[in-house]
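Understanding the architecture of this molecule
In case you want the letters, here they are:
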Amino acid sequence: MEGSAIPLRVGILVCPGFAPMDVLGTHTVLGIVPGAELHLMWKDLEPFEGVPRWPMRATTRFADCPDVDVLMVGAIPPEVIGDPEVLAFFRAKAEAAQAVIAVCGGALLAGAAGLLRGRRATTNFQMLDALRDLGAEPVPGGRVVVDGKYHTAGPVTGSFEAALLVLAALRGEEAAKFVELTIEFDPHPPFGVGSPELAGPDRAAKSIAMFKPLSDLSRATARKAFLAGKQL
């Protein structure tokens, strides 16, 4: 594999209540690269659960984590988005990283940390408009949005897609093609309704309504943290 002799440090933020489905793609794509060093990062190494039920623990404490080449975060709960310790840690690691991946609600953390100010970005359709309050230009359409070293994406498959693009940027396109083939990443959605455009307004409205309390709290928390950071 092209560039396989070059070490690749990957840091994925995990926490109580995070969405494992949003990080598994990046964990898989970058984790199977020869020489990859994976860090599942949190404040401590105590067991916790992701959502839905996913018992696990971090592998690397914030205090022990080295700088990483690729920093990644998926959807996380509002209390983590607004946590000053998490924001400071993520901001510092992003500054040193060659690439940053923020999938689904993880884009709100990146935005709250001030990292998306003036950048094009995306997230899940239920919260896309929240990015404007964080200084970003929201981009609809469901594709990975690349602005500089920042890669934002929608949930689940976005984790795979963003990681493949990052791998191509850091280790060459042939390396990314090899991994895409190796994991047979070729989605075949059985019902073809995996976007609001395809699902139609009624289904999209039901999805928005179902997650509205959590979405509202997440966006309000992110905006408060973003504004506080601007005042520093």
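Scroll up to find the structure this text is about.
Residues numbered from 1 in each chain as written. Predicted model: local features only at pLDDT ≥ 70, side-chain atom pairs only at ≥ 80, totals over all residues. Heavy atoms only, no water.

**Concerning the overall build of the chain**
Counting its regular elements, the chain contains eight helices and eleven strands. Relative to the 2.2 N^0.38 estimate, which gives 17 Å for 232 residues, the radius of gyration of the chain is 17 Å and therefore close to what a compact globule would have. Per-residue burial over the chain gives 48% buried out of 232 residues. For the chain, restricting intrachain contacts to residue pairs at least 6 apart in sequence, the fraction spanning at least 24 positions comes to 68%. Working note: accessible area of the chain is about 11,400 Å², and carbon and sulfur atoms make up 58% of it. (Helix = DSSP H or I, 4+ residues; strand = E, 2+ residues; numbered from the N terminus. Rg over C-alpha atoms; globule rule 2.2 N^0.38 Å. Buried < 20%, exposed > 50% of the residue type's maximum accessible area, 1.4 Å probe, protein only. Contact = heavy atoms within 4.5 Å. Areas by Shrake-Rupley, 256 points an atom, 1.4 Å probe, with all protein chains shown as cover.)

**Considering the layout of surface pockets**
Taken as a whole, the largest pocket spans an internal volume of roughly 1,400 Å³. Breaking the lining of the largest pocket down by element, the ones donating at least two residues are α2 (78-81), α5 (157-171), α7 (196-199) and α8 (201-231). Here the lining of the largest pocket takes seven residues from α8, the largest share from any one element. Across the lining of the largest pocket, the residue classes tally to 28 nonpolar, 17 polar and five charged. (1 Å grid on protein atoms, 1.4 Å probe; cavity = no way out; pocket = protein on both sides within 12 Å on 5 of 7 lines; lining within 4 Å. Points joined across faces, edges and corners; volume = space filled by probe spheres on them. Nonpolar A, V, L, I, M, F, W, Y, C, P; charged D, E, K, R; others polar.)

**Thoughts on the nonpolar core**
Membership of the largest hydrophobic core comes to 70 residues, with the highest contact counts inside it found for Leu13, Val14, Trp42, Ile76, Phe90 and Leu131. Residue contacts for Val14: discarding those within four places in its chain leaves Leu40, Met41, Trp42, Phe48, Met56 and Ala58. (Core = buried A, V, L, I, M, F, W, Y, C linked by side-chain atoms within 4.5 Å.)

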